[in-house]
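Single-letter residue listing:
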Amino acid sequence: MGTGREASVSIDGVRDKNMMQLKKLNTVLFPVRYNDKYYADAISSGEFAKLAYYSDICVGAIACRLETKGGTMRVYIMTLGVLAPYRGIGIGSKLLNHVLDMCTKQNVSEIYLHVQTNNEAAIKFYKKFGFEITDTIPDYYINIEPRDCYVVTKSFAQI
């Protein structure tokens, strides 16, 4: 997988017509199954849900939910994943950077997600982008071990 592969990566919005690609990716990437509300939230988030394509093959996705808390908008990253053979070449970074840019443009106060406490690769990845562990939730997950998760958060200066 060399460094020259990033040039052929493109991203596209999540819509009804390509929703099955997101569902298939999630089945492969994550140990949990997502309900219809997850997919409805992904579609309604607009620019905050994207599929990544490498040479026209869907290889990754980010899906967020927009929330309002105390009169400010924040973004919850429901999922971000890239198929194993395509990791390490900037696809996840491209997806996350797109969402972070949208957060800045839309005056989002913070972006956050839940990460399983043993997922060191994900924690390291998010820390590179300025995220910090802000909380630990015991027994967050029901059917996977470890059951605990970290809340990982990045705050934005408000304009």
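Taking an unreviewed UniProt entry as the reference, the protein is identified by name as N-acetyltransferase domain-containing protein belonging to Brassica campestris.

A. Representation of the overall build of the protein. Scanning the protein for helices and strands turns up 4 helices and 7 strands. Scaling as 2.2 N^0.38, a compact globule of 159 residues should have a C-alpha radius of gyration of about 15 Å, and the protein matches this with 15 Å. Looking at the 159 residues of the protein, the share that counts as buried comes to 47%. Counting only contacts in the protein whose residues sit at least 6 apart along the sequence, the fraction spanning at least 24 positions is 63%. In the form shown here, the protein has an accessible surface area of approximately 8700 Å², with 51% of it arising from carbon and sulfur atoms. In the protein, the 19 positive side-chain charges and the 16 negative ones have mean positions that sit 4 Å from each other.

B. Molecular detail of the UniProt feature "domain: N-acetyltransferase" (unreviewed entry) in the protein. Taking the UniProt record as the reference, the feature "domain: N-acetyltransferase" (unreviewed entry) is found at residues 9–157. Here residues 9–157 is 30% helix and 37% strand, with 30 Å between the C-alpha atoms at its ends.

C. Broad picture of helix H4 (residues 120–128). Within H4, burial applies to Ala122, Ile123, Phe125 and Tyr126. One side of H4 carries all its buried residues, which in axial view fall inside an arc of 160 degrees. Away from its buried face by more than 90 degrees, H4 exposes Glu120, Ala121, Lys124 and Lys128. At its buried positions, H4 is contacted by strand E4 (72–82), helix H3 (91–105), strand E5 (110–116), strand E6 (132–137) and strand E7 (149–155). One or two steps after H4, the chain reaches Gly130, where phi turns positive at roughly 90 degrees.

D. Summary view of the sheet that holds E6. With respect to topology, 7 strands assemble into an open sheet ordered E1-E2-E3-E4-E5-E7-E6, the strand pairing being mixed. Every interior strand has two partners, whereas the edge strands, strand E1 (9–13) and E6, have only one. On average, adjacent strands in this sheet sit at an angle of 25 degrees to one another, irrespective of strand direction. Sheet strands touched by helix H1 (residues 19–29): strand E2 (49–54), strand E3 (57–69) and E4. Its angle to E3, the strand with the most contacts, is close to 95 degrees. On top of the sheet, helix H2 (residues 36–44) reaches E2, E3 and E4; it is set at about 85 degrees to E3, its chief contact.

E. Summary view of the nonpolar core. Counting residues in hydrophobic clusters, the biggest one holds 52 residues, and the most contacted among them are Leu22, Ile77, Ile91, Leu96, Ile111, Tyr126 and Phe131. In terms of residues, this core owes the most to one element, H3, which gives 7 residues. Setting aside residues no more than four positions away along its own chain, Tyr126 makes contact with Ile77, Leu80, Leu96, Leu113, Val115, Phe131 and Val152.

F. Spatial organisation of the packing of H1 against H2. For the pair H1 and H2, interaxial distance at closest approach is 11 Å and the crossing angle is 125 degrees. Between H1 and H2, the angle falls in the class oblique. Handedness of the H1/H2 crossing: right-handed. Contacts between H1 and H2 involve Met19, Leu22, Lys23 and Asn26 on the former and, on the latter, Tyr38, Tyr39, Ala42 and Ile43. Each residue belonging to the contact of H1 with H2 can be placed in one class, and the counts come to 6 nonpolar, 1 polar and 1 charged.

Each value, and the rule that gives it
Residues numbered from 1 in each chain as written. Predicted model: local features only at pLDDT ≥ 70, side-chain atom pairs only at ≥ 80, totals over all residues. Heavy atoms only, no water. Helix = DSSP H or I, 4+ residues; strand = E, 2+ residues; numbered from the N terminus. Rg over C-alpha atoms; globule rule 2.2 N^0.38 Å. Buried < 20%, exposed > 50% of the residue type's maximum accessible area, 1.4 Å probe, protein only. Contact = heavy atoms within 4.5 Å. Areas by Shrake-Rupley, 256 points an atom, 1.4 Å probe, with all protein chains shown as cover. Lys, Arg positive; Asp, Glu negative; His and termini not counted. Charge placed at Lys NZ, Arg CZ, Asp CG, Glu CD. UniProt positions renumbered as here; feature names shortened; annotations may be inferred. Arc of directions from axis to C-beta. Pairing = 2+ DSSP bridges. Axes fitted to C-alpha atoms, helices over the stretch in contact; angles between N-to-C directions. Core = buried A, V, L, I, M, F, W, Y, C linked by side-chain atoms within 4.5 Å. Parallel < 35°, antiparallel > 145°, perpendicular 65-115°, else oblique. Left-handed = near helix turned anticlockwise from the far one by under 90°. Nonpolar A, V, L, I, M, F, W, Y, C, P; charged D, E, K, R; others polar.

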